[in-house]
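The residues making up each chain are set out below.
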Amino acid sequence: MFFTIFKKSLILVLFFGFITAINAQSDYEKTQNFKNKYASLEQKIKDAITLEEVDALVESIAAFKNEFADHKALLDKTLYPDNFSSAIEKLEKAAELRKGDFTQIVDLQTEVGTLKTALTELNDQNASLLVQIKDLQFSQKKDQATINSLNRLVASLKANIKERDELVKGIVDSLLQEFTSAPSSLNDAEKTAIFKKVETGNLFYNVERTISDNIQFMKVTSLTADDLSDMKEQYKEFSKTWRQIGPKLSQIYLNQANRARQIAGIDELFRQWNFRINNEIWSSINQAFREKNITLMNFKNGDDFTESITTFIDDEVKNLGVKRSSESKETFYTFTDSVWFQQVKPNWVPILIENNLLTEAQKDTIETRFAQWKEKVDPGGFAGYWIYIAIAAAAIVLVLIAFMFISRNKKNRTVAEIAPKEND
Amino acid sequence: MKSKAFFLSLILLGTAACSSIVLQPADYSWPIENVLKVDDLGFVSETRYTFRINVKNLFNEEFKDSTSFKGKELRIIRDAKGYYYATGNEFKNVYVLMTQENGMKVENIIPVSQAGLKSPVMNQKNNSIELIDNGLKTYFTNKGIEGK
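Since we're looking at a predicted model, the values are computed, not measured.

*Asks:* Mind laying out the overall build of chain A, listing which residues take part and the relevant values?
*Replies:* A count of helical and extended segments in chain A gives 14 helices and zero strands. Sequence-ordered secondary structure for chain A, helices as α and strands as β, is α-α-α-α-α-α-α-α-α-α-α-α-α-α. Looking at chain A residue by residue over its 424 residues, the buried ones come to 19%. Restricting the contact set of chain A to residue pairs at least 6 apart, pairs at least 24 apart contribute 76%.

*Asks:* So, helix 12 (residues 325–354) of chain A: which residues are in play, and what are the values?
*Replies:* Residue and element names in this part refer to chain A. For helix 12, with 30 residues, the first-to-last C-alpha span of 38 Å runs short of the 44 Å given by 1.5 Å per residue. Among the residues of helix 12, those classed as buried are Ser 328, Thr 331, Phe 332, Phe 335, Trp 340, Val 344, Trp 348, Val 349 and Leu 352. Along its buried surface, helix 12 packs onto helix 9 (225–252), helix 10 (257–290), helix 11 (302–318) and helix 13 (360–377). Just past helix 12, the residue Asn 356 takes up positive phi, approximately 55°.

*Asks:* Which residues make up the nonpolar core, and what values do they have?
*Replies:* In terms of nonpolar packing, the biggest core is built from 37 residues, with Ile 281 and Trp 348 of chain A touching the most fellow members. Of all elements in the fold, only helix 6 (144–181), helix 7 (188–200), helix 8 (203–220), helix 9, helix 10, helix 11, helix 12 and helix 13 of chain A reach the threshold of two or more residues within this core. If near-sequence neighbours (up to four positions away) are discounted, Trp 348 of chain A is found in contact with Ala 225, Ile 281 and Ile 285 of chain A. Residues Val 44, Tyr 83, Ile 110 and Met 122 of chain B belong to the second largest nonpolar core, which totals 29 residues.

*Asks:* Tell me about unusual backbone geometry, and name the residues and values.
*Replies:* In the segment running from Tyr 80 of chain A into Pro 81 of chain A, the intervening peptide bond is cis, with an omega of 0°. Along the polypeptide, Pro 81 of chain A turns up in the loop between helix 4 (72–78) and helix 5 (84–138). Positive phi, close to 70°, is recorded for Glu 90 of chain B, a residue that is not glycine. Positionally, Glu 90 of chain B belongs in the loop between strand 5 (84–87) and strand 6 (93–100). With 15 C-beta atoms counted inside 10 Å, the residue Glu 90 of chain B sits in the partly exposed group.

*Asks:* Just give me the short version of the pairing of strand 2 (residues 43–46) of chain B, but keep the residues and values in it.
*Replies:* Residues and elements named next belong to chain B. Two elements, strand 2 and strand 3 (residues 51–54), share four bridges in a ladder whose sense is antiparallel. Paired with Phe 43 across the two strands is Asn 54, which belongs to strand 3. The loop that links strand 2 with its antiparallel partner strand 3 comprises four residues; one of these, Thr 50, has a positive phi angle of about 45°.

*Asks:* Hey, could you go over the environment of Gln 216 of chain A for me, with residue numbers and the actual values?
*Replies:* The topology assignment puts Gln 216 of chain A in helix 8. Judged by the 19 C-beta atoms lying within 10 Å of it, Gln 216 of chain A is partly exposed.

*Asks:* So what about the interface of chain B and chain A? Which residues, and what values?
*Replies:* At the junction of the two partners, chain B supplies 11 residues and chain A supplies 12 residues. Here the element with the most residues in the side of chain B that touches chain A is strand 8 (residues 121–124) of chain B; it accounts for three residues.

*Asks:* Explain the environment of Ile 281 of chain A to me, and be specific about the residues and the numbers.
*Replies:* Residue and element names in this part refer to chain A. Within the secondary structure layout, Ile 281 lies in helix 10. The exposure class of Ile 281 is buried, given the 23 C-beta atoms found within 10 Å. Along the backbone, Ile 281 and Leu 223 are 58 residues apart, and their C-alpha atoms lie at a distance of 8.8 Å. With residues near it in sequence (within four places) discarded, Ile 281 still touches Leu 228, Trp 348, Ile 351 and Leu 357.

*Asks:* Summarise the environment of Lys 93 of chain A; cite the residues concerned and give the values.
*Replies:* Residues and elements named next belong to chain A. By secondary structure assignment, the location of Lys 93 is in helix 5. Since 11 C-beta atoms lie within 10 Å of it, Lys 93 is described here as exposed. Along the primary structure Lys 93 and Val 58 are separated by 35 residues, whereas in three dimensions their C-alpha atoms are 9.9 Å apart.

*Asks:* Requested: an account of the packing of helix 8 of chain A against helix 10 of chain A, with residues and values cited.
*Replies:* Residues and elements named next belong to chain A. Packing of helix 8 against helix 10 leaves a shortest axis separation of 10 Å and a crossing angle of 20°. With respect to each other, helix 8 and helix 10 are oriented roughly parallel. Seen along the crossing, helix 8 lies across helix 10 with a hand that is left-handed. Seen from helix 8, the contacting residues are Phe 204, Val 207, Glu 208, Ile 211, Ser 212, Asn 214, Ile 215 and Met 218; seen from helix 10, they are Gln 262, Ile 266, Leu 269, Phe 270, Gln 272, Trp 273, Arg 276 and Glu 280.

*Asks:* Tell me what's going on with the sheet that holds strand 5 of chain B, and back it up with residues and numbers.
*Replies:* All names here are of chain B. The strand order across the open sheet formed by five strands is 1-4-5-6-7, and the pairing between neighbours is antiparallel. Looking at the sheet topology across the chains shown, the edges are occupied by strand 1 (34–37) and strand 7 (103–111). Neighbouring strand axes in the sheet, compared pairwise and without regard to direction, differ in orientation by 30° on average.

*Asks:* Just give me the short version of the packing of helix 10 of chain A against helix 12 of chain A, but keep the residues and values in it.
*Replies:* Residues and elements named next belong to chain A. Two elements in contact, helix 10 and helix 12, have axes whose closest approach is 10 Å; the angle formed by their N-to-C orientations is 175°. Judged on the interaxial angle alone, helix 12 and helix 10 are roughly antiparallel. Where helix 10 abuts helix 12, its residues Ile 281, Ile 285, Ala 288 and Phe 289 lie against Val 339, Gln 343, Val 344, Trp 348 and Ile 351. Class assignment for the residues of the contact of helix 10 with helix 12 results in eight nonpolar, one polar and no charged.

*Asks:* Can you tell me about the confidence of the model for chain A, naming the residues and giving the values?
*Replies:* Summary statistics for chain A give a mean pLDDT of 78 and a share of 78% for residues scoring 70 or more. Below pLDDT 50 for its whole length, residues 12–22 of chain A participates in two contacts with residues either more than four positions away or in separate chains.

*Asks:* Which residues make up the sheet that holds strand 9 (residues 129–133) of chain B, and what are the values?
*Replies:* Residue and element names in this part refer to chain B. Pairing is antiparallel in the open sheet, where four strands are placed in the order 8-9-10-11. On the outer flanks of this sheet lie strand 8 and strand 11 (144–145), each paired with one strand and no other. In terms of strand pairing, strand 9 meets strand 10 (residues 136–141) through five bridges, oriented antiparallel. The partner of Leu 131 across the bridge, within strand 10, is Thr 138.

Rules and cut-offs
Residues numbered from 1 in each chain as written. Chains lettered and ligands numbered in written order. Predicted model: local features only at pLDDT ≥ 70, side-chain atom pairs only at ≥ 80, totals over all residues. Helix = DSSP H or I, 4+ residues; strand = E, 2+ residues; numbered from the N terminus. Buried ≥ 20, exposed ≤ 12 C-beta atoms within 10 Å, placed from the backbone. Contact = placed C-beta atoms within 7 Å. Expected span 1.5 Å × (residues − 1). Core = buried A, V, L, I, M, F, W, Y, C linked by C-beta atoms within 7 Å. Pairing = 2+ DSSP bridges. Axes fitted to C-alpha atoms, helices over the stretch in contact; angles between N-to-C directions. Parallel < 35°, antiparallel > 145°, perpendicular 65-115°, else oblique. Left-handed = near helix turned anticlockwise from the far one by under 90°. Nonpolar A, V, L, I, M, F, W, Y, C, P; charged D, E, K, R; others polar. pLDDT = per-residue confidence, 0-100.

Here it is, written out as structure tokens:
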């Protein structure tokens, strides 16, 4: 009997001792425990790579809140400058935001999927159009129907390339947004999301195709100043975006040698595209002179261009007296009036200056040489004007003298008429 | 008579101007203790309440060894009156400290364990500080252990 009572008492003592031991916890430890679990949840939210993971974390946050609800008063004091409620709210908000990221990624993946189909169709169409254009260019048949057909094909190709470029640019832009919204160093989840987008959108292939099709398009068609200006603008925008995402993509694909090579290849393609556009601009300008039988030394940059024109003018001045005067004058007026002032200056010079292919100073140098050239070729040109001005000035002076003479006569006559009346 | 009254009012005015201004009541208590690592130079730094103090003398007093502070932790808590209580592993005492110009002065030493504390923690309670070590709870103020 005594033994049973003793045993029960012992159990009770042990039980209460255990309870006391549980309660005998440091407030500091409780706070540290809360902080550690909080930090762990925060990290898990950041590292989550699926929507399901975030959903599970939302439940963990609710459990965490319940676990520490009894210590709210203590935590309100110790979580300075936060308190228990605001700390939990922050966690819940972080989870909600992360959920939003995944919803957006799912939407973007769907969007990219649709774009991919459209892109594949456009790529195929463009390839076929390029072949047709080349066939027609090499065909012996050059009748009006063929030319019309060629023009139609070129117009479709141009529209298609533009549409496809916009689609690819859309993918690149959305990637850029993701990169700029992400912190400077991407975590694994962010890297995976970008990796998926790049692969789903077949980004590398499409960027390569965009550039090479534009280059091909320039090869098979003759472009106007406006076309080339648009293309240059497009190149600048596209390459600027690529320069922003290229290095970051290189980071993501650091361990994939073939992808790293592809990224470097795309950089090179951008350089070629720019080179080709510049070349096309200079060729078109040269073509404008050639069409008027003016042959200039070849030029591919602003220095060469200025040099080529000044050399041409120097040669023309040297040849004065060797060639017939009328011939020299005709060359001068064709060069300046028909080509420079009518075509090159209004159509090409603004593009050249805007794209830093020619400087204002170089343009001024060329135009100063025109004035010097004119003085040699047609010195009467300016003198003739002076004669007209002198004649006009003389005529004005004569009219003034005549007017003064007439008014003086009138006055004298009036005085003579009044004088006899006064004598009366 | 008039001059006496004048001098009396001067004395009264002077007394009023010299009396010290006291702001009361105040609550200096920290909600939880702080566990601070002693650095190689013997300093502990508290970031939330921003102070830095050299505690070598405290360890020297406790362990009679001038290098005993190295790698140790010091647990500190402050009560509502503004007294600091410091102790740590293997300490036999809790030190009651009060700030003074450019330092802290030990105001009281409270013996709490003959063998030295094993894993002490201190909590802020209503009118005292709670010390828990090995499940044993002791309550004290700056004057000493309560109930003694």
